[in-house]
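A look at the structure
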Protein chains: 2
Amino acid sequence: MTNRRDLSGPDPDKMVSFEQACKAAGLKLTHQRLEIFRELAQAKDHPAAETLHKRLLERLPTLSLDTVYRTLASLEKHGVICRVDTMESQARFEAEIGQHHHLVCTRCKEISDFQWEAFDLSTLPDELRNWGQLKRRNVTLHGVCRKCLDSG
Amino acid sequence: MTNRRDLSGPDPDKMVSFEQACKAAGLKLTHQRLEIFRELAQAKDHPAAETLHKRLLERLPTLSLDTVYRTLASLEKHGVICRVDTMESQARFEAEIGQHHHLVCTRCKEISDFQWEAFDLSTLPDELRNWGQLKRRNVTLHGVCRKCLDSG
DNA sequence: CTAAATGCAAAATTTTTGCAGTCCC
DNA sequence: GGGACTGCAAAAATTTTGCATTTAG
């Protein structure tokens, strides 16, 4: 597949900084990568890998789903994109239903709970007034726990 | 399978209120359900369905994995347990890597972003001082969006 | 040219479903 | 007894991997 780069589009700035980010991360600027990122950057609905793939198929009929998965994983690893608040592919459960928050160690995947009353009582931003009916508010902190820091 | 109820254990209170919650929700108190909840209530690691199943197999050798899935789904639906910050089984992505937060409509699964600087600048609870190295702090608000409220 | 990235196909993982039999209430 | 629940098996859905080929730098 010929690989003429197209950094134009609805938001050229994003594409240019994407190019720079790839260069900095040592990632090659392939046609597929460029288009996957462009599609994601334009999307406002936090799409799943398969959703992105479907949308891209119109432009890139030969793009394979596994390339989308690999590309998203790679871009996420290099901090160019984010995975939205999902732990991994597995769902995780708890019996604690009182108001509380989560600490997630990105290295060992351990999840622990903590309390934060000041947050629970704080006032939400004005822009949310009209969103709908809020039910739960949760904080998730991501980082590396002491155990993992000490052992590696 | 004979179904003698055992509401004892490390935390009898939890088991008793579980029994009441089931009764209130019209859920039958089966042996499996009781044990699945007991195991989850004792667990401190927010286990996945498969993890729970493995642990339970020692006590309930015939317990099937699909019963664990069905039971967790049912208990979650009735608010007896919580699914931890996973949207669904599918991962969702975004290209926005600046600090921001998420609003999730539990009905239509729409995810939208919002800013909350006051939160970003707030001081974390003391108990987290020694946890490790924090990297990201995110708020996730769950509720039902206006569109869904109006249309249903 | 060379290491990295892609596409294809196949496998692995996670979750859901149909159905017949079992158990709670 | 009757409807809810379970186990089994099979399918669906999601994600990962091995390998030959192609491509960016």
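Just so you know, these numbers come straight off a predicted model, no measurement behind them.

Scoring rules and cut-offs
Sequence order sets the numbering: in each chain, residues are counted from 1 along the sequence as written. Chains carry letters and ligands carry numbers; both start at the beginning, A for chains and 1 for ligands, and go up in the order they are written. The predicted origin of the model limits local features to residues at a pLDDT of at least 70 and limits the giving and counting of side-chain atom pairs to 80 or more, whereas totals for whole chains, interfaces and linings rest on all residues. Working from all heavy atoms in the structure, the side-chain values ignore hydrogens and water. Here the copies are superposed with least squares, the fitted atoms being C-alpha atoms of residues at a pLDDT of at least 70 in both. We call two residues in contact whenever any of their non-hydrogen atoms come within 4.5 Å of each other. Pairs of strands are assigned from DSSP output, requiring at least two bridges between the strands. Each helix is a run of H or I in the DSSP string that is no shorter than four residues. Each strand is a run of E no shorter than two, and both are numbered from the N terminus. All axes here are fitted lines through C-alpha atoms, helices being fitted over the stretch that makes contact, and every angle between N-to-C directions spans 0 to 180 degrees. Accessibility here uses a 1.4 Å probe with only protein chains present; expressed as a share of the type maximum, an area under 20% marks a residue as buried, one over 50% as exposed, and anything in between as partly exposed. Just so you know, the count uses Lys and Arg for positive and Asp and Glu for negative, and it drops His and the chain ends. Salt bridges are defined by distance alone: a side-chain nitrogen of Lys or Arg within 4 Å of a carboxyl oxygen of Asp or Glu. Two N or O atoms form a polar contact when they lie within 3.5 Å of each other; inside protein one atom must be a possible hydrogen donor and the other a possible acceptor, and for residues adjacent in sequence the pair counts only when both atoms belong to side chains. A 1.4 Å probe defines the accessible area here, and the buried area is the portion of it lost by two parts on being joined, summed over both. Charged residues are taken to be Asp, Glu, Lys and Arg, nonpolar residues to be Ala, Val, Leu, Ile, Met, Phe, Trp, Tyr, Cys and Pro, and polar residues to be all remaining types, Gly included. The start and end points of each domain follow an automatic or database-based domain assignment. To estimate how far a helix should reach, multiply one less than its number of residues by 1.5 Å. Only the six-membered ring of Trp is used, alongside the rings of Phe and Tyr, when aromatic pairs are assigned; centres must lie within 6.5 Å, and planes under 30 degrees apart are stacked while those over 60 apart are edge-to-face, with the rest tilted. Charges are assigned to positions over rings by a cutoff of 6 Å between ring centre and Lys NZ or Arg CZ, combined with an angular limit of 35 degrees from the ring normal. Each angle gets one of four labels, with under 35 degrees taken as roughly parallel, over 145 as roughly antiparallel, 65 to 115 as roughly perpendicular, and the rest as oblique. We call a crossing left-handed when the near helix sits turned anticlockwise from the far one by less than a right angle, and right-handed when that turn is clockwise.

Taken as rigid bodies, chain A and chain B are interconverted by a rotation of 180 degrees and an axial shift of 0.0 Å, the fit giving an RMSD of 0.1 Å. The two molecules are tied by a two-fold rotation axis, judged by turn and shift. Comparing contact sets, 100% of the residues at the interface of chain A also lie at the interface in chain B, consistent with an isologous, same-surface contact.

A few words now on the sheet that holds strand β5 (residues 132-145) of chain B. The six strands are arranged β4(A)-β3(A)-β5(A)-β5(B)-β3(B)-β4(B) in an open sheet whose pairing can be described as mixed. Looking at which strands have only one partner, the edges of the open sheet turn out to be β4 (111-114) of chain A together with β4 (111-114) of chain B. For this sheet, the mean angle separating the axes of adjacent strands, direction not counted, is 30 degrees. Relative to β4(A), strand β3 (residues 101-105) of chain A runs antiparallel, the two sharing four bridges. Bridge assignment links A:Leu103 to a residue of β4(A), and that residue is A:Ser112.

Here the focus is the environment of B:Val80. All names here are of chain B. As for its position among the elements, Val80 is in the loop between α4 (65-77) and β1 (82-83). Given the relative accessible area of 10%, Val80 is considered buried. Each C-alpha atom of the pair Val80 and Arg59 lies 23 Å from the other, and the pair is 21 residues apart in sequence.

With that settled, consider the side chain of A:Arg137. Counting through the fold element by element, A:Arg137 comes out in strand β5 (residues 132-145). For the buried A:Arg137, no salt bridge exists, and the shortest N-O distance to an oppositely charged side chain is 6.0 Å, to A:Asp120. A distance of 2.9 Å separates a polar side-chain atom of A:Arg137 from the backbone oxygen of A:Phe119. Look past the residues within four positions of A:Arg137 in its chain and what remains in contact with it is A:Gln99, A:His101, A:Phe119, A:Asp120, A:Ser122, A:Leu124, B:Trp116, B:Thr140 and B:Leu141.

This next bit is on the interface of chain A and chain B. Each side of the interface is counted separately: chain A has 64 residues, and chain B has 64 residues. Both faces combined, the contact of chain A with chain B buries some 6000 Å², and carbon together with sulfur accounts for 60% of it. Put simply, chain A and chain B have zero salt bridges between them. At the boundary of chain A with chain B, the tally comes to 20 residue pairs in polar contact (both at pLDDT 80 or more). Sorting the residues of the side of chain A that touches chain B by element identifies α2 (31-42), α3 (49-57), β1 (82-83), β2 (93-94), β3, β4, β5 and α6 (146-151) of chain A as the ones contributing at least two each. Looking at side-chain class alone, the side of chain A that touches chain B contains 33 nonpolar, 17 polar and 14 charged residues. Sheet topology places β1(A) next to strand β2 (residues 93-94) of chain B; two bridges connect them, and they run antiparallel. Each bridged residue has a counterpart across the sheet, and for A:Cys82 the counterpart in β2(B) is B:Glu94.

All right, on to the domain arrangement of chain A then. Splitting chain A by domain gives domain 1 (12-94) and domain 2 (101-150). Using only C-alpha atoms to locate each centre, domain 1 of chain A and domain 2 of chain A end up separated by 25 Å.

Taking 1.5 Å per residue, twelve residues should reach 16 Å; helix α2 (residues 31-42) of chain B reaches 17 Å between its end C-alpha atoms and fits that length. Counting buried residues in α2(B) gives ten out of twelve residues, a clear majority hidden from the surface.

Per the counting criterion, the structure on display carries nine aromatic pairs over all chains. The interplanar angle of 40 degrees and the centroid separation of 6.4 Å between the aromatic rings of A:Phe114 and A:Trp116 together place this pair among those described as tilted. The same class applies to A:Phe114 and to A:Trp116, which are both buried. A ring pair is formed by B:Phe18 and B:Phe37, whose centres lie 4.1 Å apart and whose planes are at 5 degrees; its orientation type is stacked. One end of the pair, B:Phe18, is in helix α1 (residues 12-25); the other, B:Phe37, is in helix α2, with 19 residues separating them in the sequence. The same class applies to B:Phe18 and to B:Phe37, which are both buried. The structure contains a cluster of three or more aromatic residues connected by ring pairs, namely A:Phe114, A:Trp116, A:Phe119, B:Phe114, B:Trp116 and B:Phe119. When the ring centre of A:Phe119 is taken as origin, the NZ or CZ atom of A:Arg137, which lies over that ring, is 5.5 Å away.

The next subject is the packing of α2(B) against helix α3 (residues 49-57) of chain B. Residues and elements named next belong to chain B. Two numbers describe how α2 lies on α3: the axes approach to 10 Å, and their chain directions differ by 110 degrees. By the angle class used here, α2 and α3 are roughly perpendicular. As for the relative orientation of α2 and α3, their crossing is right-handed in sense. Along the contact surface, α2 presents Glu35, Ile36, Glu39 and Leu40, while α3 presents Leu52, Arg55 and Leu56. Partitioning the contact of α2 with α3 into residue classes produces four nonpolar, no polar and three charged.

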